Every structure is written in structure tokens, then in C-alpha cells.
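Per-entry structural report
Okay, here's what each chain looks like letter by letter:
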Amino acid sequence: MNLKFVLLSLLLVLALTSYGEKKKDSLTIKSLRLSNTSLIDNFYSDEYLIKGIGKIQNDSLYSGVKDLLKGVQLKEKSENFDRIYDYQMLEFVVYMNLFVYSKCEKSVSDQLAIIIKSAFPSNLSAHTNQLNLDFSDVKDKDMMLRLHLYQSVINRNQKKTEKYLQKLVKRMPDSKALLLLQIQSLYDSGEFEKCEALLDKLLIKYPKYAYGYLIRGSIKLQQNNAMEASGNYYKALELYSSIPFAWNELGRIYLTQKKFTESKKAFRKAIKLNPAYKWAHINLGMCHSMTYKVDSAIYYYNNALELDPTDAECYSLKGGVYSLRFNNTEAIYNYTKAIQYNPKNEYYLKDRGNVYFKMDSFQLAIKDFEKAAKINDKYDYVFRRLGDCYRETEQLDKAIENYKKAVSLSPNNEDLMSELGEILYWNNQYKEAIKYLDKAIAINPKNAIYYASRGNAYVGMDSIDTAIKDFSSAIKISPGYAFAYSRIGDCHSMRENWKEAIIQYDLAISLSPEYEYSIRSKGRCHQELNENDKAIAEYNKALKLDAKNVYNWLARAHYYIQMEEFEAAKDDLLEAIKSDPENSSAYGNLGWAYYCLDQFEECVKWSKEAIAMDDDAYYAKFNHALALLRLGKTDEAYDLYRKYHDEAKKKKMEHDGAVQDLKDLIEKEILVKESTYIIQEILGKAI
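Throughout this document, residue positions are counted from 1 along each chain, in the order its sequence is written. Selection of residues for local features in this predicted model requires a pLDDT of at least 70, selection of side-chain atom pairs for listing and counting requires 80 or more, and totals for whole chains, interfaces and linings are taken over all residues. Hydrogens and water molecules were not included; the side-chain quantities draw on all heavy atoms of the structure.

Topic: the overall build of the protein
Helix and strand content of the protein: 38 helices and 2 strands. Within the protein, buried positions represent 53% of all 687 residues. Looking at the protein alone, contacts between residues at least 24 apart form 52% of all its contacts between residues at least 6 apart. Surface accessibility follows the Shrake-Rupley procedure with a 1.4 Å probe radius. Residue values consider only the protein chains on display as shielding. For the protein, the accessible area works out to roughly 33,600 Å², and carbon and sulfur atoms hold 48% of it. In DSSP terms, a helix is any run of H or I states spanning at least four residues, a strand is any run of E spanning at least two, and both are numbered starting from the N terminus. Classification of residues uses two cut-offs on accessible area relative to the type maximum, computed with a 1.4 Å probe and protein chains only: under 20% is buried, over 50% is exposed, and between them is partly exposed. The contact rule is simple, with two residues in contact once any of their heavy atoms fall within 4.5 Å.

Side note on the packing of helix α23 (residues 414-426) against helix α25 (residues 448-460)
Packing of α23 against α25 brings their axes to within 10 Å, and their N-to-C directions diverge by 20°. On the basis of their axis angle, the class for α23 and α25 is roughly parallel. For the pair α23 and α25, the crossing hand works out as left-handed. Across the interface between the two elements, E414, D415, S418, E422 and Y425 from α23 touch I449, Y450, S453, N456 and A457 from α25. Each residue receives one of three labels: charged for Asp, Glu, Lys and Arg, nonpolar for Ala, Val, Leu, Ile, Met, Phe, Trp, Tyr, Cys and Pro, and polar for the others, Gly being one of them. Among the residues making up the contact of α23 with α25, the classes are represented as 4 nonpolar, 3 polar and 3 charged. Axis definition: a line fit to C-alpha positions, over the contact stretch in the case of helices; interaxial angles, taken between N-to-C directions, run 0 to 180 degrees. Angle categories: roughly parallel below 35 degrees, roughly antiparallel above 145, roughly perpendicular from 65 to 115, and oblique for all the rest. Crossings are sorted by hand: turned counterclockwise from the far helix by less than a right angle, the near helix makes the crossing left-handed, and turned clockwise it makes it right-handed.

Describing helix α38 (residues 672-682)
Those residues of α38 that fall on the buried side of the exposure criterion are S675, I678, I679 and I682. Seen from one end, α38 has its buried residues packed into an arc of 120°, which puts them on one side. The outward face of α38, more than 90 degrees from its buried face, is lined by the exposed residues K673 and E681. Elements in contact with the buried residues of α38: α35 (618-630), α36 (634-651) and α37 (656-667). The first or second residue beyond α38 is G684, which carries a positive phi of 65°. The directions considered for the arc are those from the helix axis to the C-beta atoms.

Details of the nonpolar core
Membership of the largest hydrophobic core comes to 72 residues, with the highest contact counts inside it found for Y301, V382, L420, F471, A474 and C491. The leading source of residues in this core is α25, at 7 residues. Not counting residues within four places of it along the chain, the set of residues in contact with Y301 comprises I282, G285, M286, S289, C314, L317, K318 and V321. Only buried residues count toward a nonpolar core. Its members are Ala, Val, Leu, Ile, Met, Phe, Trp, Tyr and Cys residues joined through side-chain atoms within 4.5 Å. Counting residues in hydrophobic clusters, the runner-up holds 53 residues, among them A576, F600, C603 and A620.

What to know about the environment of E609
Assignment of secondary structure puts E609 in helix α34 (residues 600-613). With a relative accessible area of 36%, E609 lands in the partly exposed category. Each C-alpha atom, one on E609 and one on A586, is 9.8 Å from the other, the two residues being 23 residues apart in sequence.

Description of helix α27 (residues 482-494)
In this model α27 runs 19 Å from its N-terminal to its C-terminal C-alpha over 13 residues, within 8% of the 18 Å that 1.5 Å per residue would give. Within α27, 11 of the 13 residues are buried, which leaves the element mostly enclosed by the surrounding structure. Every buried residue belonging to α27 is among A482, A484, Y485, S486, R487, I488, G489, D490, C491, H492 and S493, and all of these are buried. Following α27 by one or two positions, E496 adopts a phi angle in the positive range, close to 60°. By this rule, a helix spans an expected 1.5 Å times one less than how many residues it contains.

Observations regarding the side chain of N623
Mapping N623 onto the fold places it in helix α35. Contact partners of N623, with chain neighbours within four places excluded, come to G588, W592, C603, S607 and D661.

Let's talk about the environment of F622
Along the polypeptide, F622 turns up in helix α35. Accessibility expressed as a relative area gives 5% for F622, which makes it buried. Counting along the chain gives 37 residues from F622 to V659, while the straight-line C-alpha distance between them is 9.3 Å. Dropping the residues within four chain positions of it, F622 is found in contact with Y641, Y644, H645, H655, A658 and L683.

Details of the packing of aromatic side chains
Aromatic pairs are defined between Phe, Tyr and Trp rings, using the six-membered ring for Trp, whenever the two ring centres lie within 6.5 Å; interplanar angles under 30 degrees are classed as stacked, those over 60 as edge-to-face, and all others as tilted. In this structure the tally under the stated criterion is 19 aromatic pairs. A connected cluster of aromatic rings, assembled from ring pairs, spans Y347, Y379 and Y381. The aromatic ring of F383 is capped on one face by K405, whose charged end is 5.6 Å from the ring centroid. We call a charge positioned above a ring when the Lys NZ or Arg CZ atom is no farther than 6 Å from the ring centre and deviates by at most 35 degrees from the ring normal.

Observations regarding the pattern of salt bridges
Think of a salt bridge as a Lys or Arg side-chain nitrogen and an Asp or Glu carboxyl oxygen that are within 4 Å of each other. Under the definition given, this model contains 32 salt bridges. Between R391 and D388 there is a salt bridge, with the nearest N and O atoms lying 3.3 Å from each other. Taken as a pair, R391 and D388 lie in helix α21 (residues 380-392) at a separation of 3 residues, close to a single helical turn. In this structure R391 comes out as partly exposed when scored by relative accessible area, which is 29%. The class of D388 is buried, set by a relative accessible area of 6%.

Section: unusual backbone geometry
In this structure, N224 is a non-glycine residue whose phi angle is positive, near 60°. The topology assignment puts N224 in the loop between α11 (210-222) and α12 (226-239). Unlike most non-glycine residues, D462 shows phi in positive territory, near 65°. Positionally, D462 belongs in the loop between α25 and α26 (464-477).

So, in C-alpha cells, the structure goes:
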């Protein structure tokens, strides 16, 4: 709370203690039963107000506040319990009255009433008007200066406040009230050393003034000196035990120290003293959230929201709890409420976007992250999350654009550099990927993953020796890094160095016995070495580990196709499609298996399925054309060969396999004339 209100905020907090009642599942505040008398008309005529101010000036705090509550006629509000701002404004008026009221005469009461009325408009939170009253007719110099000071503070004019404050201090150097206002002003401007010097002066004169220690505790907290802050708060409580604010601040200190038991005790004491203390409920909710007591956290957040149903931050915190609980519906609801009450807060939008991301609702997540970025275009995290969304929706160019924006805002973030490098790698931009991975490694040369990622990029560039060096560096940093061994195996496989590749895959498997990729890759090496029994054993091992992994079925199916066991291949490919109905390769290879079984209609059917899923599946496209040729649909086959050849040429896609399949027909003396025509006249190849 701003120190402008701190000095007397706790006075009303004490009085509010008597107005709280606990129900079974919620907390409410009893409505104050007030007359319909105008606040302005009665502020200065009520006997309780006069007595209350007198008592406060003499440090009879509790009794004085009780009299003020009796004297001040608050407007009834609707049955929400949003009185916190009203109380703060009341405290402010009472506090400023310490400087003005004591010399207030009837001749200036009307002007003073206008000032007070400006502090209590019908909608308190909407007060923005600047006062510009003329006090030239006020003959009493002290009174005139006090009125100017009062007006300057209401107008939030720091410069004029300082001006009139200094003038009053010179005229009344021993005024306790002015000393307090000086302390407040220095605190607000962050001049804590000067503020503390004045506090020392105050506490020498008033050694039992509890609120002096309270203020000093707040200064120490601002200076990140938790130990001295705690000492001052405890000193304040020793002098005056019923200060909810002190207990709340002690709870916050314990919370930052992760002393959760002490923190909960302190917040509960604050709530016991003032059941209407919203922030104590919020902080206690945070404490329960940090200790994974989700139901208790929600309970206290609900209490706070009953006290203030428009508190955006509380809705946001509650949304966070539901998010941790994986209750995405409630999380979205609470973040939406937070955004409703504070639509310009980029963090609430970011948090809701994260929940949408978890729900795979990427378009909604993108909208929230874009709104957050519009509010704060320096917020690197939301650009990173936009990149994540576009990556998940396979819009790699947009993903890269947003990752680059995030990197430009956070140039020393190694994780961002690495993530950008990886997405560039997946987009086949290997040189640029290496550039960013170089930067990540320069920032943190001890991260094995960065070397492995850069090694992948070098593989993409066919720089196999350099790639092996990077994978080896990753292993040196992290000797148990199975992925790096497996990638070295891949490098040797690319060079058809099958035996060395098997050694590396074995090392990977020894570190991670369920590493299916390495097991499948080892099987392929044995297959290339014509060690068929060993190959099938590895493929079977992978399927035993995970029969729902489509790639395990595909690997064994490829083995069966190579061994010309087409029925077995067909069965495995049907299982692959069951495992992953969206895998185009399974459909395309199933089409080829049916072709090899002379079931050309089935080949056409499954090849079309593959093409519908992946327009770049040219092996399936040429299989489709080949099957039509075998079915005797020659003209249709010619048309498709022309179409697919033109497409592949534009996209620079290789289609040597299509030529070889036609040559195989010629060798078997099947459709020799037609195959020759297609090869020479359509595909433009020599026989």
C-alpha cells in the first residue's frame, strides 16, 4: 500500500476488525448501518469526529478511530463488499485533516468542503479532476499554506506538495503531523536514507510510536533487508499488538524465505485482527498455492474476491492454481475475469494464452499472445510463445520471425538462441541455425544439448566430420547422453559404415535400453550387412517395447518389402495405420505392398490416401500412375506421369525410383512399349 495511506490505513483496519464474520465457506463484511445524511454536510459538525481527531493526535488510536467511524457517514453501496478504496480515501481525508482542521474557521469551511468532496466523488475510483481553488482571502497564513498543501496532495502534484510542505515545516518545525508528511513524501520518492533520518528524529521524540517502527520496517523491506524489516515490524507489534498490516508484511517476508509455516501463522493473525483485510487473504492463498494446498489456496482467493469482486490480480492467481491442477476450464474463466477487470495487463493475457496452448487451442493462444505483445512490445516471452504456437501449427516461417524478435529483445538468452537454431534446422536453414547455436554455445559452452543441436545442423549440410566432433563434444560434457551416441551412429550410417554405426547404436542402447530409434537403426545396419536374423531380432525388440509406435511397424515392414515378403509387409503396414491413421508413409508403402502382390486396384486406393495426406509424396504419386498402367488404363497413366513429372521438376523432387520401376517392367517384358515411351518421352530419361 502506498505510504500516503499507510500511516493511517492501519487505524481503520483496527476498527474494521469488529465488522467481519466467518461463515462456513466464505467471508463477508457486515454492512455499516448509516443514516442518509450527507457526508459533506456532517463531516465537521459531528461531535464524534472532533473527539476522534483529538484522540488520534494523542495516540489513542483505537478509541479515536471508533469515534471517527461513528462520525463519518458513508454512502451505502450495493451488496458487493468493495469498501477498501472508500476506507483508503477516508483515511487520507482524516490524515490531511490533522494539518487543516485544527485552525479551520467557518469562513473557510465551504472551500474545505469542496476539497473533501473532491476526495469523495460518487464514484471514488473515478476521481481525476484537478482542483484549482483560490485561497487568497484566507488571512491566516498557516491556514492558507495548509489548504494549499491539502489541495496539492489531492491533485498528486509532488512539486507543489514539497513547496508548501517546506514552508509549513519552517513555520512549525515541531509539528508531528508535518514530520509524518515529510516522511511520507521522502518514502514515495524513494529517498529512504533521508526518510529514515527523519524517522529516527520522530522516534527519539516519540519512542513508543508504533507506526514509526512500522514505516521503518517498510523502508527496510524496500531495501531488501528482511532481517531489519522483521525487527521493526515486531517492535511495532510489541508496542501495539493489533496491527494487521505488520503481520501481513511479516508473512510476506516469511513467504519469500519459504518459511511457509511461519508465513501462514502471520497471515492468519492479520486476518484474525481484520477479517476484511483482502491482501492477507490473497497472500495466504499464495502461501497455500506454493505448498500445493490447492483447495485451501482457492478458498482464500475466494474470500478475497468476496471482499473485492473486481480484483484482477486475485482472479489471475486463482487461474494459476486451476492451471496447476490441470482444470483448464476454470483457469480460462479466472484469467478471463482478470482480463475483464484489467484488459491492459499483458501478463494475464500471457497466462491465458499458455492455458490455450496446453489445450492445443493454438489460434486462441496466438490471439492472446499477440494482444500481450501489442501492449508490451518489449516482452520477449510472448514472442517466444508465439513462435511455439506457429511451430506447433507448422508455420515455420512465422515461428522463426517471432523467435528472432524474442532473441533481439533478449540477446543473452541461451535457451532462446538454441530454440531458434533448432527451428531453423527443421526449416532446412542449416547455416543460419549454426549461427544461433554458435551464440548459444558461446554463452554456455557446457551445455551438451547445444552441441548436439549444432551437430544436427552440420549433418543437414553433409559436414559429417564436423557433426561427429559436435556429438563427441556433447558426450564429453554429458557421458550418459545416449542421443549423441545414436547420432554418431547415424553419421556412420550415412557413410555406409554399418559396423561402426552398430557400435555407436549399441553404446546408445546400453545407456538407454528402451531407445527404440537406436534399436531400429541397428536393425537397419544388420539388414544392410545381410545379417537378416539379427535385423529382424532388432525390429521385433522395438515392437515388443512399443507396439503402438508407428515407426516400429514401418521399420519391420520395410524389412519385409526388401525381403520380398509382401504379405507380411502388408500386415505390418495395416498395423502401422492403426497406430497412426495420419501417417502418409504407412498408406504409401501399403500401396506399394499391394502393387508387389499384383493387387493394382488396392495400390491405387492406398496411394491416393497417401497423396491426399501429403502432396509431396511423389513415390505414392508415381506408384498410382504405375498401378493404372498395369490396369491397362494407359492414357490415364500417361496423363498422371506427365502431371507428376512436371510437379516434381518444379519442386526439384527426385523421382529416379519411378524410372527404375518402369525399367523393371521392361526387364520382365511387361508393357515394354508403354514403359519405354514413358521413360523417354515423358520423363526424359535414357533407357
